[in-house]
Structures are given as structure tokens and as C-alpha cells.
Amino acid sequence: MTNDPNTPSGVPFAVTPDCEKVMAEVDSFLDQELTDALRSSITAHLESCSPCFEVFDFEAELRLVISTKTHTVEFPDTLRIRIEEKLTYLRIEGSGATESGGGGEPRREA
Ligand SMILES: [Zn+2]
């Protein structure tokens, strides 16, 4: 039962049916295409589910950048690095692994 060799890709953490529903509505939510009831139910979920909030926050930030750049969606290197870091962070968070070495930790150097 706990043996799941085919974990769904794209969602780097354990999700509940509620999470899947929220994820599916991220775009609509940010486009403000949802009803008030749906919006508030999603908002309530985000307040109690940090993985979903992280994804939502990330999507919202991404959109902000894209909407600011109407002529091009080219990302500056700094943002691309931040996105990669965020995705890595989400994978680490969701895997439940105890081993360290995320790759971003500064090392002690004399
Ligand atoms: Zn969730």
C-alpha cells in the first residue's frame, strides 16, 4: 500500500485530493476567474497547507514578472536561479529525506 513505484511527477510533495484541486485552480485563481466561494475555499486551504502556499506564491510571483514584461518573457538570471532554488526546495521538503546537502549551503572556508 505504501509501495508506490510510480509516484506522480510534477508534484514534488505528498498531496491530498484538496491539494490537487487547489493546484488545478491556481491559474484560474490568479486570473480571478473563480467564484467567491471557490476563492475563499482555496484561500482557506493555502492558509493551512504550506506546500500549496509555496506553489501559489511562486506562481503569483512568476505572473507578476511576466505581466511586467509585456514585450518579452525572458527571465533575468537572478530570477531563474531563484526559481530553480524554489523547485529544489519543494522537492527536498516533500521527499522527507533526512540527508543534508541541498547544494546551497555555504561552506566554512578560511
Ligand atoms: Zn495543499
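Residues numbered from 1 in each chain as written. Predicted model: local features only at pLDDT ≥ 70, side-chain atom pairs only at ≥ 80, totals over all residues.

Trainee: For this particular structure, what's the right way to read the overall build of the protein chain?
Mentor: Within the protein chain, the secondary structure is distributed over five helices and zero strands. Listing the helices and strands of the protein chain from first to last along the sequence gives α-α-α-α-α. Each of the 110 residues in the protein chain was classed as buried or not, and the buried ones make up 5%. Within the protein chain, residue pairs in contact and separated by at least 24 positions form 58% of the contacts whose partners lie at least 6 positions apart. (Helix = DSSP H or I, 4+ residues; strand = E, 2+ residues; numbered from the N terminus. Buried ≥ 20, exposed ≤ 12 C-beta atoms within 10 Å, placed from the backbone. Contact = placed C-beta atoms within 7 Å.)

Trainee: Sorry if this is basic, but what is going on with the confidence of the model for the protein chain here?
Mentor: Atomic detail in the predicted coordinates should be set aside for any region of low pLDDT. Chain-level pLDDT for the protein chain is 76 on average; 65% of the residues reach the 70-or-more range. Summarising per-element confidence for the protein chain, the mean pLDDT is lowest in helix α5 (residues 77-95) (77) and highest in helix α3 (residues 36-48) (93). (pLDDT = per-residue confidence, 0-100.)

Trainee: Is there a simple way to think about the nonpolar core in this case?
Mentor: Among soluble globular proteins, nonpolar side chains are generally buried collectively. Core analysis: the largest hydrophobic core is formed by five residues, namely Val22, Ile42, Cys52, Val55 and Phe56. Residue contributions to this core peak at three residues, all from helix α4 (residues 50-68). (Core = buried A, V, L, I, M, F, W, Y, C linked by C-beta atoms within 7 Å.)

Trainee: Looking at this structure, how should I read the environment of leucine 79?
Mentor: Counting through the fold element by element, leucine 79 comes out in helix α5. Between the C-alpha atom of leucine 79 and that of valine 65, which follows or precedes it by 14 residues, the distance is 9.2 Å.

Trainee: Looking at this structure, I do not really get unusual backbone geometry. What am I missing?
Mentor: Trans peptide bonds make up most of the peptide bonds, and negative phi angles are found at most residues other than glycine. The backbone of glutamine 32 shows a phi angle near 60°, a positive value even though the residue is not glycine. Its 7 C-beta neighbours within 10 Å are what place glutamine 32 among the exposed residues.

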